There are 2 protein chains.
Amino acid sequence: MSSIPNSLQILIEQLSRFPGVGKKSARRLAFFILKNSREDAVTLAKAVIDVKDRITECSQCHNITENDPCDICSDLKRDHKMICIVQEPMDVLAIEKTGRYRGLYHVLGGVLSPLNGIGPNDLNIDDLMPRLEGIREVILAINPTRDGETTSLYLSKLIKVKDVNVTRIAQGLPMGIDLEFADELTLTRAIEGRTQLR
Amino acid sequence: MSSIPNSLQILIEQLSRFPGVGKKSARRLAFFILKNSREDAVTLAKAVIDVKDRITECSQCHNITENDPCDICSDLKRDHKMICIVQEPMDVLAIEKTGRYRGLYHVLGGVLSPLNGIGPNDLNIDDLMPRLEGIREVILAINPTRDGETTSLYLSKLIKVKDVNVTRIAQGLPMGIDLEFADELTLTRAIEGRTQLR
């Protein structure tokens, strides 16, 4: 369309590459940037570059961080005898938000997926093994998808050899759901994993 | 949260300022930027700055443009005896997409809104008047909101003095809607504005 200035068209295209942002939303976002001050645009642009320049991966747990080792790995107040294994850095954030876990993490960077050609060597599994020395408990907090389940099973076998206690976060009904709307597998897991009321 | 690197936190805050983007979406967008290459980040950042640096307002119609006068105003193939008055530059895009209008535009930059203290002097009305010389028809394509209707009425009175034919884009049922779900005002307008079938 000749009526969209070229630079605006480019910005719209860039924004529509975001997950969950369609052409219309991208246009709305672009007009928002255009309406705001140049200073706002500079701040946003700088923030975009900064995350790429400042954030690296922790060499111990593979979580994202500006310092290596990351704040969690280098926090002596945390329980260094517990490791929680997750798929992605976002999962660390999610668990940290609960405030109920005070151990360390290990970010796999994905899950085993034979169909997509992702094997153990594509994940951060190799350097998980040396970290298990002296560990009391490993918690598997991998998404309960088919590939996630496969990965959990694979890891639990691998870790048990090291004589470390392996647990998995509970599967069951999410809070606030109506039982009748829960899918069968969730309900099955909820029944299997029922706990004693005290 | 100590577990979110500072630069990522800043980016999330910047992104959550976008209209319709909440904290969770902002986080997803930020992680998307983080996962992509540095080159992608630079391209996006550049696009954000470029729209602010390159885009100005057309001195004739007040549409956004990289050249002044804009491509529409300087297109000799268009009908320079018709002006379509719209609220915002996005409205020009919307009408251009239909491909059914070949005249010029005039972007008001808003609507009259006594409650928000927006009067005629806050809109691009002053320099609309000189543009009306020799014009055959002015089409009012202002949003059918309360303030929009007020603005249409105000403008039509102003323009009629200049002996120019003033029309308004039709109001009625949108395509694909069930009549029973249309609101009363829309249905009233649809009945009032009924057209002869040929």
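None of these values were measured; they are calculated from a predicted model.

Criteria and cut-off values
- Residues numbered from 1 in each chain as written.
- Chains lettered and ligands numbered in written order.
- Predicted model: local features only at pLDDT ≥ 70, side-chain atom pairs only at ≥ 80, totals over all residues.
- Heavy atoms only, no water.
- Pairing = 2+ DSSP bridges.
- Helix = DSSP H or I, 4+ residues; strand = E, 2+ residues; numbered from the N terminus.
- Axes fitted to C-alpha atoms, helices over the stretch in contact; angles between N-to-C directions.
- Least-squares fit on C-alpha atoms with pLDDT ≥ 70 in both.
- Contact = heavy atoms within 4.5 Å.
- Phe/Tyr/Trp six-rings, centres within 6.5 Å; stacked < 30°, edge-to-face > 60°.
- Core = buried A, V, L, I, M, F, W, Y, C linked by side-chain atoms within 4.5 Å.
- Buried < 20%, exposed > 50% of the residue type's maximum accessible area, 1.4 Å probe, protein only.
- Right-handed = clockwise from strand over helix to strand, strands pointing away.
- Expected span 1.5 Å × (residues − 1).
- pLDDT = per-residue confidence, 0-100.
- Polar contact = N/O pair within 3.5 Å; in protein donor to acceptor, adjacent residues only side chain to side chain.

Colleague: Just to check I follow, could you spell out the sheet that holds strand β3 (residues 79-86) of chain B for this structure?
Modeller: In sheet architecture, strand pairing relies on hydrogen bonds along the backbone and comes in two forms, parallel and antiparallel. Residue and element names in this part refer to chain B. The 4 strands are arranged β4-β3-β5-β6 in an open sheet whose pairing can be described as parallel. The outermost strands of the open sheet, each flanked by one partner alone, are β4 (103-107) and β6 (165-168). The average angle at which neighbouring strand axes cross in this sheet is 25°, direction not considered. Pairing of β3 with β4, which is carried by 5 bridges, proceeds in the parallel orientation. Pairing of I85 across the sheet is with H106, part of β4.

Colleague: Sorry, what's going on with the relation of the copies chain A and chain B here?
Modeller: Comparison of the two chain copies shows a relationship of rotation about an axis with a shift along it. Rotating chain A by 180° about the axis while translating it 0.1 Å along that axis superimposes it on chain B, leaving an RMSD of 0.1 Å. What we have between these two chains is a two-fold relation. Among all residues of chain A, the one whose C-alpha sits closest to the rotation axis is A45(A), at a distance of 2.1 Å. In this assembly the copies share their binding face: 100% of the residues contributing to the interface of chain A also contribute to that of chain B.

Colleague: Looking at this model, I keep getting lost on the packing of aromatic side chains. Mind explaining?
Modeller: Enumeration over the complete set of coordinates arrives at 4 aromatic pairs over all chains. Between F32(A) and F18(B) the ring centres are 5.6 Å apart and the planes differ by 65°, which places this aromatic pair in the edge-to-face class. In this pair, F32(A) sits in helix α2 (residues 23-35) while F18(B) sits in the loop between α1 (6-15) and α2 (23-35), so the two residues belong to two different chains. Between Y101(B) and Y105(B), the aromatic rings sit 5.2 Å apart at their centres with planes inclined by 70°, giving edge-to-face as the arrangement.

Colleague: Which parts of the structure should I look at to understand the nonpolar core?
Modeller: In summary, soluble globular proteins display a tendency toward joint burial of nonpolar side chains. In this structure, L8(A) and L8(B) are the most contacted members of the largest nonpolar core, which totals 42 residues. Those elements that place two or more of their residues in this core are α1 (6-15), α2 and α3 (38-54) of chain A together with α1, α2 and α3 (38-54) of chain B. Discounting residues that sit within four places of it in the chain, L8(B) has contacts with V51(A), I55(A), I64(A), E66(A), A30(B), F31(B) and L34(B).

Colleague: I keep staring at the pairing of strand β5 (residues 137-140) of chain B and nothing clicks. Help me out?
Modeller: Within a regular strand, the side chains alternate between the two sheet faces. Residues and elements named next belong to chain B. Side chains E137 and I139 of β5 all project onto a buried face; the interleaved residues V138 and L140 project onto the opposite face, where all are buried too. By the bridge criterion, 4 bridges tie β3 to β5 in an arrangement that is parallel. Paired with I83 across the strands is V138, a residue of β5. Pairing of β5 with β6 involves 4 bridges; the strand directions are parallel. Looking at β6, one finds that E137 is bridged to N165. The parallel pair β5 and β6, bridged by helix α5 (residues 146-160), forms a crossover whose chirality is right-handed.

Colleague: Help me understand α3(A), please; the structure alone is not making it clear to me.
Modeller: Structurally, the α-helix is built with 3.6 residues per turn, so residues lying three or four positions apart point the same way. In a regular helix each residue adds 1.5 Å, so 17 residues correspond to 24 Å; α3(A) covers 24 Å between its end C-alpha atoms and thus fits that length. For α3(A), the set of buried residues is A41(A), L44(A), A45(A), A47(A), V48(A), I49(A), D50(A) and V51(A). Where α3(A) is buried, its residues contact α2 of chain A together with α1, α2 and α3 of chain B.

Colleague: Can you walk me through the confidence of the model for chain A in this structure?
Modeller: Parts of the prediction with low pLDDT should not have their coordinates interpreted in detail. Residue and element names in this part refer to chain A. Averaged over all residues, the pLDDT of chain A is 92; the fraction at 70 or higher stands at 99%. For chain A, helix α6 (residues 184-192) is the element with the lowest average pLDDT, namely 85, and strand β4 (residues 103-107) is the one with the highest, namely 97. Confidence estimates for the predicted assembly give a pTM of 0.78 and an ipTM of 0.79.

Colleague: Sorry if this is basic, but what is going on with unusual backbone geometry here?
Modeller: The phi torsion of most residues other than glycine is negative, and most of the peptide bonds are trans. A cis amide bond, omega 0°, links D68(A) with the succeeding residue P69(A). Phi at D163(A) takes a positive value of approximately 65°, unusual for a residue other than glycine.

Colleague: What is the right way to read the side chain of S113(A) from this model?
Modeller: All names here are of chain A. Along the polypeptide, S113 turns up in the loop between β4 and β5 (137-140). Side-chain polar atoms of S113 contact the side chain of D147, separated by 3.0 Å. The contacts of S113, once residues within four sequence positions are left out, are I118 and D147.

Colleague: Help me understand the sheet that holds β5(A) in this model?
Modeller: Residue and element names in this part refer to chain A. With respect to topology, 4 strands assemble into an open sheet ordered β4-β3-β5-β6, the strand pairing being parallel. Edge strands, defined here as strands with exactly one partner in the open sheet, are β4 and β6 (165-168). Pairs of neighbouring strands in the sheet enclose a mean axial angle of 25°, with direction left out of account. Of the strands in this sheet, β3 (79-86), β5 and β6 are in contact with helix α5 (residues 146-160), which crosses β6 at around 165°.

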